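Breakdown of the fold
Listed below are the residues making up each chain.
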Amino acid sequence: VQLQASGGGLAQAGGSLRLSCAASGSISSFIIMGWYRQAPGNARVLVARITGGSTNYADSVKGRFTISGDNAKNTVYLQMNSLKPEDTAVYYCNAVLRSATSALTTVWGQGTEVTVSS
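I will try to describe carefully the structure that is included in this document. These numbers come from a predicted model, not from an experiment.

**Digging into unusual backbone geometry**
Positive phi, normally seen in glycine, also occurs at Ser 82, with a value near 50°. With respect to the helices, strands and loops of the structure, Ser 82 is situated in the loop between strand 8 (75–80) and strand 9 (89–99).

Below you can see the structure in the form of structure tokens.
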């Protein structure tokens, strides 16, 4: 199973970006999909996650970011609005899923860089 993240780039403060993370491989079902971010010199932290019909967000992004999923495409999105310079980080998607053999698996995508200029 692989996760392919895309959509990062440069944005101005107040602008928007949408990240996508597409999963491929032998997948039976998703348990949790989420986005984490890691700013230079900092630890990787949870930004948002979705499981079933529930979503959770870090306090720092509540009201600005929205996580959503498309089950038919095995893809999770992160819509980021009202971006701030402090949102600058490398964003990683993550999935906890059951493979086709029912094995519980945690997968990380490659990072996608988001830079927000003031």
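**Observations regarding the side chain of Asn 94**
Topologically, Asn 94 is positioned in strand 9. If sequence neighbours within four positions are ignored, Asn 94 has contacts with Leu 3, Ile 32, Met 33, Gly 34, Tyr 36, Thr 106, Val 107 and Trp 108.

**Here's the deal with the pattern of salt bridges**
Under the criterion given, the structure shown has 3 salt bridges. For Asp 87, the salt bridge is made with Arg 37, and the minimal N-O distance between the two is 2.9 Å. Of this pair, Asp 87 sits in the loop between strand 8 and strand 9 while Arg 37 sits in strand 4 (residues 27–38); the two residues are 50 residues apart in sequence, bridging distant segments of the chain. An identical accessibility class is assigned to Asp 87 and Arg 37; each is buried. In this structure, Asp 87 and Arg 64 form a salt bridge, with 2.7 Å as the shortest nitrogen-oxygen distance. Highlighted residues: Asp 87 in the loop between strand 8 and strand 9 and Arg 64 in the loop between strand 6 (54–57) and strand 7 (65–70), separated in sequence by 23 residues. Of the two residues, Asp 87 and Arg 64, neither departs from the other in class, the shared state being buried. Here the salt bridges share partners, and the residues they tie into one network are Arg 37, Arg 64 and Asp 87.

**So, the state of the cysteines**
In the structure shown here, the tally under the stated rule is 1 disulfide. Here Cys 21 is linked by a disulfide to Cys 93, with a sulfur-sulfur distance of 2.2 Å. The chirality of the disulfide connecting Cys 21 with Cys 93 is right-handed, given an S-S dihedral of about 60°. Here Cys 93 lies in strand 9 and Cys 21 lies in strand 3 (residues 17–24), a separation of 72 residues in the sequence. The two residues Cys 21 and Cys 93 agree in class, both being buried.

Conventions adopted
Residues numbered from 1 in each chain as written. Predicted model: local features only at pLDDT ≥ 70, side-chain atom pairs only at ≥ 80, totals over all residues. Heavy atoms only, no water. Helix = DSSP H or I, 4+ residues; strand = E, 2+ residues; numbered from the N terminus. Contact = heavy atoms within 4.5 Å. Salt bridge = Lys/Arg side-chain N within 4 Å of Asp/Glu carboxyl O. Buried < 20%, exposed > 50% of the residue type's maximum accessible area, 1.4 Å probe, protein only. Disulfide = S-S within 2.5 Å.

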